[in-house]
Amino acid sequence: MLVAGCATTGSGTAPVVDCRGREAIPITEWQADHEDPTILAPKVAHNENLERECGVKAPNPSGQAKAKAAVKKRGERG
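Notes on the structure in this doc start here. Along every chain, residues carry numbers that run from 1 in the direction the sequence is written. Local features in this predicted model are restricted to residues of pLDDT 70 or higher, and side-chain atom pairs are both shown and tallied only at a pLDDT of 80 or more, whereas totals for entire chains, interfaces and linings draw on every residue. To obtain the side-chain values, all non-hydrogen atoms of the structure were included, while hydrogens and water were left out.

Attention now goes to the pattern of salt bridges. Salt bridges are identified by distance alone: a Lys or Arg side-chain nitrogen within 4 Å of an Asp or Glu carboxyl oxygen. Tallying each qualifying case throughout the model produces 6 salt bridges. Measuring nitrogen to oxygen at the nearest pair gives 3.8 Å for the salt bridge that ties Glu29 to Lys66. Of the two residues, Glu29 is situated in helix α2 (residues 29-34) and Lys66 in helix α4 (residues 61-77); the sequence distance between them amounts to 37 residues. We classify Glu29 as partly exposed; its relative accessible area is 36%. Among the ionic pairs, Glu51 bridges to Lys57, the shortest N-O distance being 2.8 Å. Only protein chains enter the accessibility calculation, which uses a 1.4 Å probe; a residue is then buried when its area is under 20% of its type maximum, exposed when over 50%, and partly exposed in between. Relative accessible area serves as the criterion here: at 33%, Glu51 is assigned to the partly exposed category. By definition, any uninterrupted DSSP run of H or I lasting at least four residues is a helix, any uninterrupted run of E lasting at least two residues is a strand, and each is numbered from the N terminus.

Once that is clear, we can look at the nonpolar core. Residues belong to one nonpolar core when they are buried, are Ala, Val, Leu, Ile, Met, Phe, Trp, Tyr or Cys, and are joined through side-chain atoms within 4.5 Å. Counting residues in each nonpolar core, the largest one holds 6 residues, listed as Cys19, Ala24, Leu50, Cys54, Val56 and Ala58. The next biggest cluster of nonpolar side chains, apart from the first, holds 5 residues, and it includes Ile27, Ala32, Val44 and Ala67.

Turning to the state of the cysteines, a few remarks are in order. Pairs of cysteine sulfur atoms within 2.5 Å are what we label disulfides. Scanning the entire structure with this criterion turns up 1 disulfide. The disulfide partner of Cys19 is Cys54, and the gap between their sulfur atoms is 2.0 Å. Residues Cys19 and Cys54 are joined by a disulfide whose S-S torsion is about -90 degrees; by sign, that bridge is left-handed. Of this pair, Cys19 sits in helix α1 (residues 16-19) while Cys54 sits in helix α3 (residues 37-54), and the two are 35 residues apart along the sequence. As far as the burial class goes, Cys19 and Cys54 line up, both buried.

Read these as layout, nothing more, since geometry by itself doesn't imply function.
So, in structure tokens, the structure goes:
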């Protein structure tokens, strides 16, 4: 099953009915490199929650990983 270009793993904690219509936010590598981490943070959090709850992976895993690293780096700097 695909949800808006996202891969559904089928391994989530939420009931399927709660996951219908929920989509991951695509994050490109360019966005991860150029957007402010305060803008990226909610997108990263949304995608992580969606993956945990519904088993839906973001459509661009490399962009998601880069964004997550940028947000983490910003958090460490304060």
